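Structural description and commentary
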Amino acid sequence: MAAVELEWIPETLYNTAISAVVDNYSRSRRDIRSLPENIQFDVYYKLYQQGRLCQLGGEFCELEVFAKVLRASDKRHLLHHCFQALMDHGVKVASVLANSFSRRCSYIAESDAHVKEKAVQFGFVLGGFLSDAGWYGDAEKVFLSCLQLCTLHSEVLHCFRAVECCVRLLHVRNGNCKYHLGEETFKLAQSYMDKLAKHGHLANKAALYGELCALLFAKSHYDEAYRWCIEAMKEISPGLPVKVVVDVLRQASKACVVKREFRKAEQLIKHAVFLAREHFGHKHPKYSDTLLDYGFYLLNVDNICQSVAIYQTALDIRQSVFGGKNIHVATAHEDLAYSSYVHQYSSGKFDNALFHAERAIDIITHILPEDHLLLASSKRVKALILEEIAIDCHNKETEERLLQEAHDLHLSSLQLAKKAFGEFNVQTAKHYGNLGRLYQSMRKFKEAEEMHIKAIQIKEQLLGHEDYEVALSVGHLASLYNYDMNQYEDAERLYLRSIAIGKKLFGEGYSGLEYDYRGLIKLYNSVGNYEKVFEYHNVLSNWNRLRDRQFAVADALEDVNTTPQQTQEVVQAFLLAQSLGPIRPCLG
């Protein structure tokens, strides 16, 4: 999908003048470069509008030209349109600029400190743009060149710059799933902070700790992620850039979600959404970042319908800003695919979910290597959808083909996860559980049992015995024993355990309870315990009434900080709650 064009802002006379310059582009090219940056950018945007991408690419691939274009900061969204169009057209402008900057840094290695400082400052702007645009590998190259310049001097200023560079480098390595290198980057940042401390200088650590929280969250090290999010929250202070505050709140909210600290998570993510909307606007990528994390919260508190709506809004924003084959658009497609799959699970209408899952995979495979870790979750989502479509299919050949495709996708996802995280990890356990469900659909019951037991064992050791993820796998094993292996006593015990965990975490109206209740009704019918059949029919009826009353809010964004608190009030409330109520410890 092409990037959505924003309204052409300049007045008619001015627009006419820009068009005249573009019409004579070949003769005016040198003169165009001497224009003020805003006017120069408008000429380039007109080239983009007219589809003259080869000429635009020739301009943007020159570092000096792009440096000037970047100074037109109020036109950043329009620049993303142009840039993505060039990348889609096959002009590798991101790598050309990164390589040019790297060469420039090597040329000035022996220059005066102020020359290097100027280069580092530009590198932060260039690398920041490439990072915001999703071209993490090229942004990483830029930040590494900046870091190299910083290490050539030992002055306090260069230590501060090195810390800032490490934070940016950690961010792009997280985004590109380079977690081992990310850990090394964090340690390097700490060493520079130690040097500053020895000279009596303190650097704010909020952004660094927030990025470490993101890294640990991605690796499913949830206890550590939660601990570091608390440290990041302690570092939030007046005067900190809004972007840093928003990102710390987002990461802290996600860490709270996986620790099932839902009240804290809600307060943090709603304030992040409010801040991003008020400061950046409702069409800005940073606002879409907060919406994706708000959708994550809503999905995890079982407000599935609203999570779908929020994910759709986030995708719309990202498509309007980036369009094309962009990694930010791909991740939004994937999130929407999974929430749509969960939302439509009982209806069996998976066309929309499948569309978004396939779109995510198409984009990722177009711009990243075929063994990139980002593919693991997208393939997993598509496999889950294909399995459900296959189960409802009345054609035996089609069913077998879809199940085999789902099997191949699950195995590929499992291998990617094991390669990145190892055997003993929540992500790996999820893939084992998914394979267990698939094997049940393929009528390979012993293999299914083996996968489910393996998933439960890993999750219990990492998350404790009463976590949502454990309940999910326990319920799946109960289903296998009940519907296919006639192990009714084991199935009953597991169903009751799954129900207890679900009700404790989410309450009596939790959506997942439906499948456990229906399973118990079938189980008690099979063993002839009709008193229990009647009991659980009543329980299921009460559950349906609860679901009808639950989540009556028409729009999840309507109640986002209608009476907003100050950021410091939100931070202090979080830290106070933390000091008063320690979290439930997890095993592992």
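On a predicted model such as this, the values are computed, not experimentally measured, just so you know.

**Examining the packing of helix H10 (residues 156-175) against helix H12 (residues 206-218)**
- Interhelical geometry of H10 versus H12 gives an angle of 20 degrees and a closest axis separation of 9 Å. On the basis of the axis angle, H10 is roughly parallel to H12. In this structure, H10 meets H12 at a crossing whose hand is left-handed. Every residue of H12 that contacts H10 at Val-167, Leu-170, His-171 and Asn-174 is listed here: Ala-207, Leu-208, Glu-211, Leu-212, Ala-214 and Leu-215.
- For the contact of H10 with H12, the per-class residue count stands at 7 nonpolar, 2 polar and 1 charged.

**What about the nonpolar core?**
- Membership of the largest hydrophobic core comes to 200 residues, with the highest contact counts inside it found for Phe-60, Phe-66, Phe-83, Leu-126, Met-233, Tyr-294 and Tyr-297.
- Setting aside residues up to four positions removed in sequence, Phe-60 forms contacts with Tyr-44, Phe-66, Val-69, Leu-79, Cys-82, Leu-86, Val-93 and Leu-97.

**Structural notes on the UniProt feature "repeat: TPR" (unreviewed entry) in the protein**
- UniProt tags residues 429-462 as "repeat: TPR" (unreviewed entry).
- End-to-end, the C-alpha atoms of residues 429-462 are 10 Å apart, and along that stretch the chain is 91% helix and 0% strand.

**Focus: the packing of aromatic side chains**
- Per the stated rule, a full pass over the model turns up 23 aromatic pairs.
- Here Phe-83 and Phe-129 contribute two aromatic rings whose centre-to-centre distance is 5.0 Å and whose plane-to-plane angle is 80 degrees, an arrangement assigned as edge-to-face. Taken together, the residues span a long stretch of sequence, with Phe-83 in helix H6 (residues 76-88) and Phe-129 in helix H8 (residues 113-132) at a distance of 46 residues. In this pair, the class of Phe-83 matches that of Phe-129, namely buried.
- Linked through ring pairs, Tyr-44, Phe-60, Phe-66, Phe-83 and Phe-129 together constitute an aromatic cluster.
- Across from the ring centre of Tyr-432, 4.7 Å away, lies the NZ or CZ of Lys-454, which sits over that ring.
- Between Lys-522 and the ring centre of Tyr-483, over which it is positioned, the NZ or CZ distance is 5.3 Å.

**As for helix H11 (residues 179-198)**
- Counted at 1.5 Å a residue, the expected span for H11 with its 20 residues is 28 Å, and the 29 Å between its end C-alpha atoms agrees.
- Inspection of H11 places Tyr-179, Gly-182, Thr-185, Phe-186, Ala-189, Tyr-192, Met-193 and Leu-196 among the buried residues, and these make up the whole buried set. Projection of H11 onto a plane perpendicular to its axis shows the buried side chains occupying an angular sector of 125 degrees, all on one side. H11 presents His-180, Lys-187 and Lys-198 as exposed residues on the side facing more than 90 degrees away from its buried surface.
- In this structure, the buried residues of H11 make contact with helix H9 (136-150), H10, H12, helix H13 (222-234) and helix H21 (396-421).
- Directly beyond the C-terminal end of H11, a positive phi value near 80 degrees is found at Gly-200.

**A closer look at the environment of Val-342**
- With respect to the element layout, Val-342 can be found in helix H18 (residues 327-343).
- According to the relative accessible area criterion, Val-342 is partly exposed, its value standing at 24%.
- Along the primary structure Val-342 and Ile-385 are separated by 43 residues, whereas in three dimensions their C-alpha atoms are 9.5 Å apart.
- Aside from chain neighbours lying at most four places away, what touches Val-342 is Leu-299 and Ile-304.

The rules we used
Residues numbered from 1 in each chain as written. Predicted model: local features only at pLDDT ≥ 70, side-chain atom pairs only at ≥ 80, totals over all residues. Heavy atoms only, no water. Axes fitted to C-alpha atoms, helices over the stretch in contact; angles between N-to-C directions. Helix = DSSP H or I, 4+ residues; strand = E, 2+ residues; numbered from the N terminus. Parallel < 35°, antiparallel > 145°, perpendicular 65-115°, else oblique. Left-handed = near helix turned anticlockwise from the far one by under 90°. Contact = heavy atoms within 4.5 Å. Nonpolar A, V, L, I, M, F, W, Y, C, P; charged D, E, K, R; others polar. Core = buried A, V, L, I, M, F, W, Y, C linked by side-chain atoms within 4.5 Å. Buried < 20%, exposed > 50% of the residue type's maximum accessible area, 1.4 Å probe, protein only. UniProt positions renumbered as here; feature names shortened; annotations may be inferred. Phe/Tyr/Trp six-rings, centres within 6.5 Å; stacked < 30°, edge-to-face > 60°. Lys NZ or Arg CZ within 6 Å of the ring centre and 35° of its normal. Expected span 1.5 Å × (residues − 1). Arc of directions from axis to C-beta.

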